[in-house]
Structures are given as C-alpha cells and as structure tokens.
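Observations on chain architecture
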Amino acid sequence: MSHPHLDPMRPVRLAPDEWPSTPAWKVPALMAVSAVAAASTLALPNIAARASVAAVALIVAVVLAVASVRRAVRESGDQRISWLRGPAVRRRDVDLLQSCSGSALFVGALALNAVPGWYWWVTAALVAWVLPPLVLQARHNRRV
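Positions within a chain are numbered from 1, following the residues in the order the chain's sequence is written. For a predicted model such as this one, the threshold for reporting local features is a pLDDT of at least 70, and the threshold for listing and counting side-chain atom pairs is 80 or more; totals across whole chains, interfaces and linings nevertheless cover every residue. Side-chain numbers here rest on the full set of heavy atoms in the structure, without hydrogens or water.

**Examining the overall build of the protein**
How we decide: Secondary structure elements are taken from DSSP: a helix is a run of H or I of four residues or more, a strand is a run of E of two residues or more, and numbering for both begins at the N terminus. For every residue, the accessible area obtained with a 1.4 Å probe (protein chains only) is divided by the maximum for its type, and the residue is called buried under 20%, exposed over 50%, and partly exposed between those limits. It only takes one pair of heavy atoms within 4.5 Å for two residues to be counted as in contact. Computed by Shrake-Rupley with a 1.4 Å probe, the accessible areas treat only the displayed protein chains as cover when residues are assessed.
When you go through the protein residue by residue, the secondary structure sums to 4 helices and 0 strands. When the helices and strands of the protein are read in sequence order from the N terminus, they spell out α-α-α-α. Looking at the protein residue by residue over its 144 residues, the buried ones come to 26%. Long-range pairs, those at least 24 residues apart, make up 79% of the contacts in the protein between residues at least 6 apart in sequence. Taken as a whole, the protein presents about 10,300 Å² of accessible surface, with 67% of it coming from carbon and sulfur.

In structure tokens:
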C-alpha cells in the first residue's frame, strides 16, 4: 500500500516568550551623543567640511535604517508589517538602530544648514533615508 505524497513542511522557529528590553542607559546616551555631534557639526570651518560630514551621516543613517527594517522583516517572518502601526512582532521597546539612524540624519541635516541651497539637499537626504526601508517593507509584504 502506498502513502500519498506529502509536501515538505517549512521550518518552524520558536522564539522565547520574553525578550530583554533596551537597557535604560542606552537611550539617554544616544541623545547625548547626538547633541554633541550636532553641536560639533555647527562648529565646522567651511562648506566642504559640512558637506563631507553630511554625506557620511547620510550614509550611516541609510545603512542603519535598512538594517532596522531587515531586522523587523526577519522577526515578522510570515506576517505582514502594517504601514501605520509598525510590525506586530516587536522584540524591543526601542529599536536602537532606527533611533541611531534618525539621529544620524539629524546631524546630516544640521551639517547641510550652511551649504547653499541646503533645503534641496535636505529633501534629497530625507528621500534617500525613507525610500530603501519602504522598498524592503513593500517587498516583504508582497512576498507574504
């Protein structure tokens, strides 16, 4: 007697019920570092230095934002991520990658303050910061 063919099952990952939350000292430390970076950015001597700091800060902001969304996608598994509320599965109280990304973008925007036509650059920086995470989330939601 032959048995019917069964499709292979997808692997099942079981996560612990409770994940450690963000330590209380990390968020104030992040704010302090951001404030010092912002203040030192305003003291840069010329436009070339500010544009360089802004470019590096923007690259860091985009990389951290993409890493944060990739982590959220990985943790969400086969669940859709809501566009308005964020992921249903949130392992941490505060996602430090996302917070650091926003802080780096803020430092970059302050550095662009002295560049002529800076508002266009800030708009381009915001688009470059928002677009890659949106594409990753859209790809995940489409796949699920």
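**Things to note about the nonpolar core**
Among soluble globular proteins, nonpolar side chains are generally buried collectively. Filter applied, for reference: Only buried Ala, Val, Leu, Ile, Met, Phe, Trp, Tyr and Cys residues count toward a nonpolar core, and they belong to the same one when joined by side-chain atoms within 4.5 Å.
If you look at the biggest cluster of nonpolar residues, it comprises 5 residues: Ala 54, Ala 111, Leu 112, Val 115 and Val 122. Excluding anything up to four places from it in sequence, Val 115 contacts Ile 47, Ala 51 and Trp 121.

**Things to note about a positive patch on the surface**
Our working rule: Candidates for patches are residues over 30% relative accessible area with no salt bridge; among them, like charges are joined within 9 Å and nonpolar side chains (Val, Leu, Ile, Met, Phe, Trp, Tyr) within 5 Å. When a carboxyl oxygen of Asp or Glu lies within 4 Å of a side-chain nitrogen of Lys or Arg, that pair is called a salt bridge. Charged-residue counts in this description rest on Lys and Arg as positive and Asp and Glu as negative, His and the chain ends being excluded. Charge positions come from single atoms, namely NZ of Lys, CZ of Arg, CG of Asp or CD of Glu.
Taken together, the side chains of Arg 70, Arg 74, Arg 139 and Arg 143 make up a positively charged region of the molecular surface. Residue assignment for the positive patch shows that the elements contributing at least two residues are α2 (47-76) and α4 (118-143). Inspection of the secondary structure assignment puts Arg 143 in helix α4.

**Let's talk about the environment of Lys 26**
With respect to the helices and strands, Lys 26 occurs in helix α1 (residues 26-42). Judged by its relative accessible area of 30%, Lys 26 falls in the partly exposed class. In sequence terms Lys 26 and Leu 96 are 70 residues apart; their C-alpha atoms lie 8.3 Å from each other.

**Topic: the packing of α2 against helix α3 (residues 96-111)**
Our working rule: Here the axes come from fitting lines to C-alpha atoms, over the contacting stretch only for helices, and the angles between their N-to-C directions go from 0 to 180 degrees. Every angle not falling under 35 degrees, over 145, or within 65 to 115 is termed oblique; those three ranges are roughly parallel, roughly antiparallel and roughly perpendicular. Throughout, a crossing is termed right-handed when the near helix is turned clockwise from the far one, and left-handed when it is turned anticlockwise from it by less than a right angle. Under this grouping Gly is polar, as are all residues other than the nonpolar Ala, Val, Leu, Ile, Met, Phe, Trp, Tyr, Cys and Pro and the charged Asp, Glu, Lys and Arg.
Two elements in contact, α2 and α3, have axes whose closest approach is 8 Å; the angle formed by their N-to-C orientations is 160°. With respect to α3, the element α2 is oriented roughly antiparallel. Here α2 and α3 pass one another in a crossing that is left-handed. Contacts between α2 and α3 pair Arg 50, Val 53, Ala 54, Ala 57, Leu 58, Val 60, Ala 61, Leu 64, Ala 65, Ala 67, Ser 68 and Arg 71 from the former with Leu 97, Gln 98, Cys 100, Ser 101, Ala 104, Leu 105, Gly 108 and Ala 111 from the latter. Across the contact of α2 with α3, the residue classes break down as 14 nonpolar, 4 polar and 2 charged.

**As for the side chain of Ser 68**
Inspection of the secondary structure assignment puts Ser 68 in helix α2. Each residue touching Ser 68, except ones within four places of it in the same chain, is listed here: Asp 95, Leu 97 and Gln 98.

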